[in-house]
Amino acid sequence: MRWSAGDRGNVEDMRGRSGGGGMIPLGIGGFIVVALLSMFTGVNFFDLLGGGGSAGPTPVGTSGTSAPPANSTPSEERLVDMVDAVARDTQDTWRQLLGNRYEPTKVVLFRDSIQSACGYAQAATGPFYCPRDRKVYLDLGFFEELQRRFGASGDFAQAYVLAHEIGHHVQTLTGTESRVRQGQQSDPRSGNALSVRLELQADCYAGVWGHQAAKSGRAASGGVELDPGDAEEALNAAAAIGDDRLQKLGTGRVMPEKFTHGSSEQRVTWFRRGFDSGDPAACDTFAR
Ligand SMILES: [Zn+2]
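### With respect to the overall build of the protein
At step 1: Secondary structure summary: the protein contains ten helices and six strands in total.
At step 2: Partitioning the contacts of the protein with sequence separation of at least 6, the portion at a separation of at least 24 is 79%.
At step 3: For the protein, the accessible area works out to roughly 12,200 Å², and carbon and sulfur atoms hold 52% of it.

### Description of the coordination of the zinc ion
At step 1: Each protein donor to the zinc ion is listed here as H164 (NE2), H168 (NE2) and E199 (OE); together their distances run 1.9 to 2.1 Å.
At step 2: Sequence positions of the donors to the zinc ion reduce to the motif H-x3-H-x30-E. Here E199 lies in helix α7 (residues 191–213) and H168 lies in helix α5 (residues 155–174), a separation of 31 residues in the sequence. The same class applies to H168 and to E199, which are both buried.

### Details of the environment of N71
At step 1: Relative to the helices and strands, N71 resides in the loop between α2 (43–49) and α3 (74–98).
At step 2: Taking C-alpha positions, N71 is 9.8 Å from R15, a pair spaced 56 residues apart along the chain.

### Notes on the nonpolar core
At step 1: Ranked by internal contacts, the top residues of the largest apolar core, which has 55 residues, are M1, V83, V107, L138 and Y160.
At step 2: The set of elements that each furnish at least two residues to this core consists of α3, β2 (107–110), β6 (135–139), α4 (141–148), α5, α7, α8 (230–240) and α10 (264–277).
At step 3: Excluding its chain neighbours within four sequence positions, the residues that come into contact with V107 are N10, V11, E12, V83, A87, V136, L138 and L162.
At step 4: One finds M14, C118, A121 and F128 within the second-largest nonpolar core, a separate group that totals ten residues.

### Brief notes about the packing of aromatic side chains
Each aromatic ring pair is specified by the distance between its two centres and by the angle formed by the two planes.
At step 1: Scanning the model with the defined rule gives six aromatic pairs in all.
At step 2: Considering the side-chain rings of F128 and Y137, the 4.9 Å spacing of their centres and the 5 degrees angle between planes classify their relative orientation as stacked. Comparing F128 with Y137 shows no difference in burial state: the two are buried.
At step 3: Both rings, one in F156 and one in W209, keep their centres 5.7 Å apart while their planes meet at 25 degrees; by these two values the pair is stacked. Taken as a pair, F156 in helix α5 and W209 in helix α7 lie far apart in primary sequence, 53 residues in all.
At step 4: Exposure remark for F156: the relative accessible area of 0% places this residue in the buried category.
At step 5: Put simply, the rings of Y160, F271 and F275 pair up and form one aromatic cluster.
At step 6: The residue whose ring lies beneath R273 is W270, and the NZ or CZ to ring-centre distance is 4.2 Å.

### Section: the pairing of β6
At step 1: The buried fraction of β6 amounts to five of the five residues, a majority that puts the element mostly inside the structure.
At step 2: One ladder, built from four bridges, connects β2 with β6; its direction is parallel. Pairing of V108 across the sheet is with Y137, part of β6.
At step 3: In this structure, strand β5 (residues 128–130) lies alongside β6, joined through three bridges in antiparallel fashion. For F128, the partnering residue across the bridge sits in β6 and is Y137.
At step 4: If you look at the hairpin formed by β5 and β6, you'll find four residues sitting between the two strands, and R134 has a positive phi there, around 55 degrees.

### Brief notes about the packing of α5 against helix α6 (residues 176–186)
At step 1: Running from N to C, α5 and α6 cross one another at 80 degrees; their axes reach a closest spacing of 4 Å. Regarding the angle of α5 to α6, the classification is roughly perpendicular. Between α5 and α6, the residues in contact are Q171, T172 and T174 and T176, E177 and R179, respectively.
At step 2: Among the residues making up the contact of α5 with α6, the classes are represented as no nonpolar, four polar and two charged.

### Things to note about the pairing of strand β4 (residues 119–122)
At step 1: Here strand β3 (residues 113–116) pairs with β4 via four bridges, running antiparallel. Across the sheet, S113 pairs through a bridge with Q122, a residue of β4.
At step 2: Here β3 folds back onto β4 in antiparallel fashion, the turn holding two residues.

### Focus: the sheet that holds strand β1 (residues 11–13)
At step 1: A sheet is described by the order of its strands in space; here four strands give the open sequence β1-β2-β6-β5, paired in mixed fashion. Strand pairing shows two members of the sheet lacking a second neighbour, β1 and β5, which therefore form its edges. When strand polarity is set aside, the average angle formed by the axes of neighbouring strands in this sheet is 30 degrees.
At step 2: With respect to the sheet, α3 is in contact with β1, β2 and β6, its orientation differing from that of β2 by roughly 165 degrees.

### Observations concerning α6
At step 1: Every buried residue of α6 is listed here: T176, E177, V180, R181 and Q184. Along the axis of α6, the buried positions cluster into a sector of 135 degrees, meaning they face one direction only. Opposite the buried face of α6, at more than 90 degrees from it, the exposed residues are R179, Q182 and S186.

Calculation rules
Each chain has its residues counted from 1, following the order in which its sequence is written. Only residues with pLDDT of at least 70 get local features here, since the model is predicted, and only at 80 or more are side-chain atom pairs given and counted; chain-wide, interface and lining totals rely on the full set of residues. Side-chain metrics in this entry use all non-hydrogen atoms of the structure; hydrogen atoms and water are not considered. Secondary structure follows DSSP: runs of H or I at least 4 residues long count as helices, runs of E at least 2 residues long count as strands, and numbering of each begins at the N terminus. Contacts were defined at the residue level, with two residues in contact if any of their heavy atoms lie within 4.5 Å. Surface accessibility follows the Shrake-Rupley procedure with a 1.4 Å probe radius. Residue values consider only the protein chains on display as shielding. Any nitrogen, oxygen or sulfur atom within 2.8 Å of a metal ion counts as a donor, with the limit raised to 3.2 Å for Na, K and Ca, and since water is left out, coordination shells can look unfinished. We call a residue buried when its accessible area falls under 20% of the maximum for its residue type, exposed when it is over 50%, and partly exposed in between, using a 1.4 Å probe and counting protein chains only. Residues enter a nonpolar core if they are buried and are Ala, Val, Leu, Ile, Met, Phe, Trp, Tyr or Cys, with the set joined through side-chain atoms within 4.5 Å. We call Phe, Tyr and Trp rings a pair once their centres come within 6.5 Å, taking the six-membered ring for Trp, and we label the pair stacked below 30 degrees between planes, edge-to-face above 60, and tilted otherwise. The rule is short: NZ of Lys or CZ of Arg within 6 Å of the ring centre and within 35 degrees of the ring normal puts a charge over the ring. Note: two strands are recorded as paired if DSSP finds a minimum of 2 bridges between them. Simply put, an axis is a line fit to the C-alpha atoms, just over the touching stretch for a helix, and the angle between two N-to-C directions goes from 0 to 180 degrees. For this classification, under 35 degrees means roughly parallel, over 145 means roughly antiparallel, 65 to 115 means roughly perpendicular, and everything else is oblique. Classification used: nonpolar for Ala, Val, Leu, Ile, Met, Phe, Trp, Tyr, Cys and Pro, charged for Asp, Glu, Lys and Arg, polar for all others including Gly. Note that the arc is defined by the directions from the helix axis to the C-beta atoms.

Here it is as structure tokens:
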């Protein structure tokens, strides 16, 4: 994947101000359990916190200027630039697709833990989108986990994760997220099934961006451009973090009724649907 560093206008760097002492290391078992519960957290994260309705922007503890940490490394700084470039490119794509319905978001970078408008979050939660302050939250360490624990490597696998979270932002802007939440509140038994549909749509939306990024000549104009094989990276990542794969890893069993994000096959199918068509209308995971 080719990209060029920009002004970091799409990230809010809280690495130097988040987390810190007093954290209890989760260890491998703990990580997997937490990851199982809330990998790519969408709706369920908020269910656990008892949140209801998107009450509009309520920034908590993430205002103010960005502060790069003193103990960062050159490779970490390069990751920050990559996240910024992907967030910029993804948002450009959605601005084109949604016109003035699109509102910009930012990726809040944190270390270990952070207080978001959706509650206290730890790195082990995985990246997530908070509908209340309409921001994406990411601990860069997740990319290492993605590679090490889930075997999904490559920068487009990382970009897919970001594009998925920005897909949740799009769902908030289009009202899909609040409709799903209302549906879950009126019929709690539908909770997981609706959550899966919401997550698969975010996968499809990530694919919609990938469709644009696959066009040649984008790097020359400062955009993100995929290399051959990049789409496979994303598909591999989507497959690696399917609920069935994660459940097997965590418990040795597959329990479809507990799926919140969809199986590996479903995630791959919906990403590909968005990637092949480039059309958000192809992402109606709620159609019967
Ligand atoms: Zn998600």
